[in-house]
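# Reading the structure
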Amino acid sequence: MKGTLDLKVTRVLQASDLALVVGVWSFMGTGPAGGPVKLTGHNADVLRRQADGSWRFVIDNPWGTG
C-alpha cells in the first residue's frame, strides 16, 4: 500500500519491566485499484524491557480492543 503510518502515544503505564502503551494511529496509502486508502484506530500494546534496556512488544493490539 506504500503509505505513511502516524502514531501518537497518548498514555504509557509502566510497572517494573512491563509497560502498557496506548495511542491513536492513522495510515494513508494507496489501495490495489490505485485509489487512496485511509485507516485509523486506537492501539493498546504491552512491552517488556529487555536485559540490554531496550523494549520489545509482548502483545501488539493495533485495534485497542479485547
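Attention here is on the structure that accompanies the text. The shown structure was predicted, so the numbers you read here are calculated from the model rather than taken from an experiment.

One open sheet holds the 4 strands; their spatial order is S1-S2-S3-S4, and the pairing between them is antiparallel. Lying at the two open borders of the sheet, with one neighbouring strand each, are strand S1 (4-15) and strand S4 (55-59). Taken pair by pair, the neighbouring strands of this sheet meet at an average axis angle of 35°, ignoring direction.

Mapping Asp45 onto the fold places it in strand S3 (residues 36-49). Here Asp45 is buried and forms no salt bridge, its nearest opposite-charge partner Arg11 lying at an N-O distance of 14 Å. Within the local environment of Asp45, its side chain forms a polar contact with the side chain of Asn43, the two groups lying 2.8 Å apart. A distance of 2.7 Å separates the side chain of Asp45 from the backbone nitrogen of Asn61, its partner in a polar contact.

On to the pattern of salt bridges, then. Across all of its chains, the model carries 2 salt bridges by this definition. Among the salt bridges present, the one from Lys8 reaches Asp6, with a minimum N-O distance of 2.7 Å. For Lys8, a relative accessible area of 49% gives the class partly exposed. Owing to a relative accessible area of 35%, Asp6 belongs among the partly exposed residues under this scheme. Asp17 is paired through a salt bridge with Arg49; the nearest N and O atoms lie 3.0 Å apart. Of the two residues, Asp17 sits in the loop between S1 and strand S2 (18-30) while Arg49 sits in strand S3, which places them 32 residues apart along the sequence.

Basis of the calculations
- Residues numbered from 1 in each chain as written.
- Predicted model: local features only at pLDDT ≥ 70, side-chain atom pairs only at ≥ 80, totals over all residues.
- Heavy atoms only, no water.
- Pairing = 2+ DSSP bridges.
- Helix = DSSP H or I, 4+ residues; strand = E, 2+ residues; numbered from the N terminus.
- Axes fitted to C-alpha atoms, helices over the stretch in contact; angles between N-to-C directions.
- Buried < 20%, exposed > 50% of the residue type's maximum accessible area, 1.4 Å probe, protein only.
- Lys, Arg positive; Asp, Glu negative; His and termini not counted.
- Salt bridge = Lys/Arg side-chain N within 4 Å of Asp/Glu carboxyl O.
- Polar contact = N/O pair within 3.5 Å; in protein donor to acceptor, adjacent residues only side chain to side chain.

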